[in-house]
Amino acid sequence: MFEPPRVLSAQALLDKAFRRATKATTGKGRTREERTKNLAVAKVQAAGDVLATTMETYIKGFPSLDRIPPFYRELIEATIGVAALRKNLAGVDWGRKKVLELAHGFARRIQAAHGAAAVGAIRREAFGRYSSVINQISSNLEGLEEARRPLKKFPDIDPEAPTIVVAGYPNVGKSAFVGRVSTASPRVAPYPFTTQGVFVGHFDVGYTRFQILDTPGLLDRPMDERNPMERQAITALAHVADSVVFLVDPSETCGYELSSQMRLLDTVRELFPEVPILVVENKSDLGTRGLGRPAMSTLTGSGVEKVLAEAIRLARSSAPASVPQARAG
Ligand SMILES: Nc1nc2c(ncn2[C@@H]2O[C@H](COP(=O)(O)OP(=O)(O)OP(=O)(O)O)[C@@H](O)[C@H]2O)c(=O)[nH]1
Ligand SMILES: [Mg+2]
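Attention in this report is confined to the structure presented alongside it. (Residues numbered from 1 in each chain as written. Chains lettered and ligands numbered in written order. Predicted model: local features only at pLDDT ≥ 70, side-chain atom pairs only at ≥ 80, totals over all residues. Heavy atoms only, no water.)

Structural notes on the overall build of the protein
When you go through the protein residue by residue, the secondary structure sums to 11 helices and 6 strands. What you see for the protein is a C-alpha radius of gyration of 28 Å, clearly larger than the 20 Å of a compact globule of 329 residues, by over 25%. When its C-alpha atoms are laid out on the principal axes, the protein stretches across 95 × 40 × 30 Å. Relative to its full complement of 329 residues, the protein shows a buried share of 49%. Taking the contacts inside the protein whose residues are at least 6 apart along the sequence as the reference set, 71% of them involve residues at least 24 apart. Mean positive and mean negative side-chain charge positions of the protein (44 and 35 charges, respectively) differ by 12 Å. (Helix = DSSP H or I, 4+ residues; strand = E, 2+ residues; numbered from the N terminus. Rg over C-alpha atoms; globule rule 2.2 N^0.38 Å. Buried < 20%, exposed > 50% of the residue type's maximum accessible area, 1.4 Å probe, protein only. Contact = heavy atoms within 4.5 Å. Lys, Arg positive; Asp, Glu negative; His and termini not counted. Charge placed at Lys NZ, Arg CZ, Asp CG, Glu CD.)

Structure below.
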């Protein structure tokens, strides 16, 4: 989803820029003085260019915090911290502007100087100022480099696409359901604070591509076992969920009593206050007497289509903004 570029340390960035400057070896001009000045200007500008364009690549390579969808914003908040990322990006942008300003100013001073010694002194001063600017933002550069890892692990979820989230206790058949109804190649991405990750499957209804998320380790145990950051990562899902399929296993072959499973439903309701939740009894093939809710067997396939159709209907009714109803037909 996000592929932020590798961010160099202050020292490595300066080394890179100054190496580029040494590659400028000849200055144009008719007189020796002109050539000396133009060479000095070329060096100062080459280093400034490398610094500024590299920093620009960093800024552009990270998500723009003002335009990012709420889902990813919450994930950033839970992992990196929105304020911290904003501060580091702002620091680097300050450095970029400062370097451009310095490059411009020193080029003019060099042109106005008299004598090789004066030109050399101004050139050295320029490099010294570059160093001090970049060293001032060294912690910002480090912060961005550290932010790369969590960002790269974010699941590839289209926040605009209609999305069904599957929840329920372990072993109730969530993965079996998602595997049965989703066609396109499923992807598993690590999710903050779960080792298992989120499984993103897709299926098409007419021209609309739906996402269906299997959420192992996320929505399968009570929230009081979780820390605030974990809760935030879970809350992020509420931004993308258009409906929730909450699976229960009345046969209790999953290893959990139905009453415990139903208590988790209360938690899920709190987490997704605006999202319609479809409670479904799975493993109907085992012949356990259910409680009159929609039932299915992900093992035999019986009832699965009906459950999916209902989940789609609920998703459409809950998400007028994100579900293109007219096109979906
Ligand atoms: N009899 C029967 N078994 C089922 C059915 N659906 C799933 N199972 C079995 O239940 C077990 C758990 O299924 P999964 O799909 O892995 O359950 P899950 O909810 O994804 O489990 P976790 O990923 O551990 O949270 C497996 O052994 C499945 O074969 C069903 O409809 N009937
Ligand atoms: Mg599973």
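Quick notes on the packing of aromatic side chains
Using the criterion set out here, one finds 8 aromatic pairs in the structure. Judged by centre distance (6.0 Å) and plane angle (55°), the ring pair of Phe127 and Tyr130 falls under tilted. Here Phe127 pairs with Tyr130, and both are found in helix H5 (residues 116–136), just 3 residues apart, close to one helical turn. Side by side, Phe127 and Tyr130 carry an identical accessibility label, which is buried. Residues Tyr169 and Tyr256 carry aromatic rings whose centres are separated by 4.5 Å and whose planes lie at 55° to one another, so their mutual orientation is tilted. With Tyr169 in the loop between strand E1 (163–167) and helix H7 (174–181) and Tyr256 in the loop between strand E5 (243–248) and helix H9 (258–271), this pair connects stretches of sequence that are 87 residues apart. Taken together, the ring pairs in this structure connect Phe2, Phe71, Tyr72 and Phe154 into an aromatic cluster. (Phe/Tyr/Trp six-rings, centres within 6.5 Å; stacked < 30°, edge-to-face > 60°.)

What to know about the environment of Leu51
Here Leu51 lies in helix H2 (residues 32–61). Each C-alpha atom, one on Leu51 and one on Arg96, is 7.0 Å from the other, the two residues being 45 residues apart in sequence. Setting aside its immediate chain neighbours within four residues, Leu51 contacts Leu13, Leu14, Ala17, Val99, Tyr130 and Ile134.

Looking at unusual backbone geometry
One non-glycine residue, Glu252, adopts positive backbone phi at about 60°. Mapped onto the elements of the fold, Glu252 is located in the loop between E5 and H9. Residue Glu252 is classed as partly exposed on the basis of its relative accessible area, which comes to 36%.

As for the site of ligand 1
Every one of the 15 residues lining ligand 1 counts as a neighbour, but Asn171, Lys174, Ser175, Asp285 and Thr298 are closest to it. In this structure, Lys283 approaches ligand 1 through a side-chain N or O atom, which is 3.4 Å from an oxygen atom. Separating an oxygen atom of ligand 1 from a side-chain N or O atom of Ser297 is a distance of 3.2 Å. Protein chains shield 70% of the accessible area of ligand 1, which is 650 Å² for the free molecule. Grouping the amino acids of the shell around ligand 1 by side-chain chemistry returns 6 nonpolar, 6 polar and 3 charged. (Near = heavy atom within 4 Å. Polar contact = N/O pair within 3.5 Å; in protein donor to acceptor, adjacent residues only side chain to side chain. Areas by Shrake-Rupley, 256 points an atom, 1.4 Å probe, with all protein chains shown as cover. Nonpolar A, V, L, I, M, F, W, Y, C, P; charged D, E, K, R; others polar.)

Observations concerning the pattern of salt bridges
Summed over the entire model, instances satisfying the criterion amount to 17 salt bridges. We note a salt bridge from Asp93 to Arg96, for which the minimum N-O separation is 2.9 Å. Note that Asp93 and Arg96 are positioned in helix H4 (residues 82–112) at a spacing of 3 residues, about one turn of the helix. The structure contains a network of salt bridges with shared partners spanning Arg6, Glu145 and Arg148. (Salt bridge = Lys/Arg side-chain N within 4 Å of Asp/Glu carboxyl O.)

Here's the deal with the side chain of Glu230
If you trace the backbone, Glu230 turns up in helix H8 (residues 228–240). Reaching out from Glu230, the side chain makes a polar contact with the side chain of Arg226 at a distance of 3.5 Å.

Thoughts on the packing of helix H1 (residues 10–22) against H5
The angle between the axes and the distance between the axes are what describe a pair of packed helices. Where H1 meets H5, the closest approach of the two axes is 9 Å, and the angle between their N-to-C directions is 155°. Taken together, the axis directions place H1 and H5 in an arrangement best described as roughly antiparallel. The crossing of H1 and H5 is right-handed. Within the contact between the two elements, H1 uses Ala10, Leu13, Leu14, Phe18 and Ala21 and H5 uses Phe127, Tyr130, Ser131, Ile134 and Asn135. Among the residues forming the contact of H1 with H5, the class breakdown is 8 nonpolar, 2 polar and no charged. (Axes fitted to C-alpha atoms, helices over the stretch in contact; angles between N-to-C directions. Parallel < 35°, antiparallel > 145°, perpendicular 65-115°, else oblique. Left-handed = near helix turned anticlockwise from the far one by under 90°.)

Considerations on helix H3 (residues 70–79)
Turning to H3, its buried residues number three or more, namely Phe71, Tyr72, Glu74, Leu75, Ile76 and Ala78. Positive phi appears at Gly81, one or two residues downstream of H3, with a value of about 100°.

Concerning the nonpolar core
In a soluble, globular protein the nonpolar side chains are often hidden away together inside. Counting residues in each nonpolar core, the largest one holds 99 residues, and the members touching the most others are Ile134, Phe177 and Leu219. Once you skip the residues sitting within four places of it in the chain, Ile134 turns out to touch Ala10, Leu13, Leu14, Leu51, Met55, Val99 and Leu141. (Core = buried A, V, L, I, M, F, W, Y, C linked by side-chain atoms within 4.5 Å.)

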